[in-house]
Amino acid sequence: MIFNRIFSGSYDFFMSFLEKKELKARRARLISGLTGKILEVGVGTGVNFEHYNHNTNVTGIEPSPYMLVHADKKRDLLLFPDRITLHNTGCGTPEMQKLIEPESLDAVVCTLVLCTIPEPQLAIKNFMKWLKPGGQLILLEHIRSHNKRKAKFQDKINPLWEKIADGCQLNRATDRMLTSSGFELLREDHFRLGIPFYEAEYIKPINR
Ligand SMILES: C[S@@+](CC[C@H](N)C(=O)[O-])C[C@H]1O[C@@H](n2cnc3c(N)ncnc32)[C@H](O)[C@@H]1O
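Computed from a predicted structure; not experimentally measured.

(A) Representation of the overall build of the protein in the model. Helix and strand content of the protein: 6 helices and 7 strands. Starting at the N terminus, the α and β elements of the protein follow one another as α-β-β-α-β-α-β-α-β-α-α-β-β. In terms of overall dimensions, the protein is globule-like: its C-alpha atoms have a radius of gyration of 16 Å, near the 17 Å expected for 208 residues. Taking the principal axes of its C-alpha atoms as reference, the protein extends roughly 45 × 40 × 35 Å. Here the protein holds 208 residues, and the buried ones make up 37% of them. For the protein, contacts bridging at least 24 residues in sequence account for 67% of all contacts bridging at least 6.

(B) A look at the pairing of strand β5 (residues 131-142). The buried fraction of β5 is high, at 9 of 12 residues. Pairing geometry for strand β4 (residues 105-111) and β5, over 6 bridges, is parallel. Within the sheet, the bridge partner assigned to V109 lies in β5 and is I138. In the sheet, β5 pairs with strand β7 (residues 195-203) via 7 bridges, with the strands oriented antiparallel. Across the sheet, residue I138 finds its bridge partner in β7, namely E201.

(C) Geometry of the site of the ligand. Around the ligand, a shell composed of 20 residues is seen, among which G42, G44, S64, G90 and T111 lie nearest. Taken together, the residues that form the shell around the ligand break down as 12 nonpolar, 7 polar and 1 charged.

Calculation notes
Residues numbered from 1 in each chain as written. Predicted model: local features only at pLDDT ≥ 70, side-chain atom pairs only at ≥ 80, totals over all residues. Helix = DSSP H or I, 4+ residues; strand = E, 2+ residues; numbered from the N terminus. Rg over C-alpha atoms; globule rule 2.2 N^0.38 Å. Buried ≥ 20, exposed ≤ 12 C-beta atoms within 10 Å, placed from the backbone. Contact = placed C-beta atoms within 7 Å. Pairing = 2+ DSSP bridges. Near = placed C-beta within 6 Å. Nonpolar A, V, L, I, M, F, W, Y, C, P; charged D, E, K, R; others polar.

Below you can see the structure in the form of structure tokens.
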């Protein structure tokens with residue numbers, strides 16, 4: 001518990017170098033054009049909030065109450081804070097089925113979160129259920145290396161990493177999970193920031 005508090009309190013500081021170098025610009029590009037009803041999964045400290053435009057109605061979920069304290073503060077600093085509603089829950093809880101109606105969402109936003117969610121494949125299945133046909137799935141995630149030697153190294157250090165990083169799995173092949181998910185790929189970009197990262201936009205096929 002004390003560790004969760006330390007992780008949430010130091011998250012923005014530890015991420016600040018990567019954010020300035022690359023991630024902030026990518027977040028802005030992915031999020032600023034979204035409109036309509038949006039689910040943001042695992043909002044953390046609320047780093048994405050500043051990028052949503054005023055034509056959005058965002059439901060943010062976050063299971064860590066320590067993270068939520070920071071997210072709440074960031075939301076209150078926005079010009080239109082009411083467009084973001086926060087819930088202390090996570091993917092995989094029964095509450096989610098009550099919170100989100102099938103085919104009700106225009107977009108689902110996942111940034112640095114599918115690495116941590118306990119059942120990512122089930123979560124992706126639910127995103128498909130909750131999105132309207134043509135709705136967008138937005139991803140910015142670190143992933144398992146495509147290089148066998150580097151992936152093995154990720155496997156080796158993962159037990160320590162997940163302890164330090166509050167359950168985050170360094171070696172999760174999120175990009176590969178999406179290829180068999182039924183989502184249609186619009187655009188993807190593999191890049192490195194010390195470790196391999198993946199930025200992508202998918203849509204739920206219209207005829208699904
Ligand atoms: C590395 S942080 C990323 C936070 C933020 N999305 C970002 O881009 O900086 C991962 C977040 O996922 C949250 N999380 C863990 N399990 C989750 C679940 N089942 N559903 C939703 N979020 C979850 C954690 O509490 C944590 O805030």
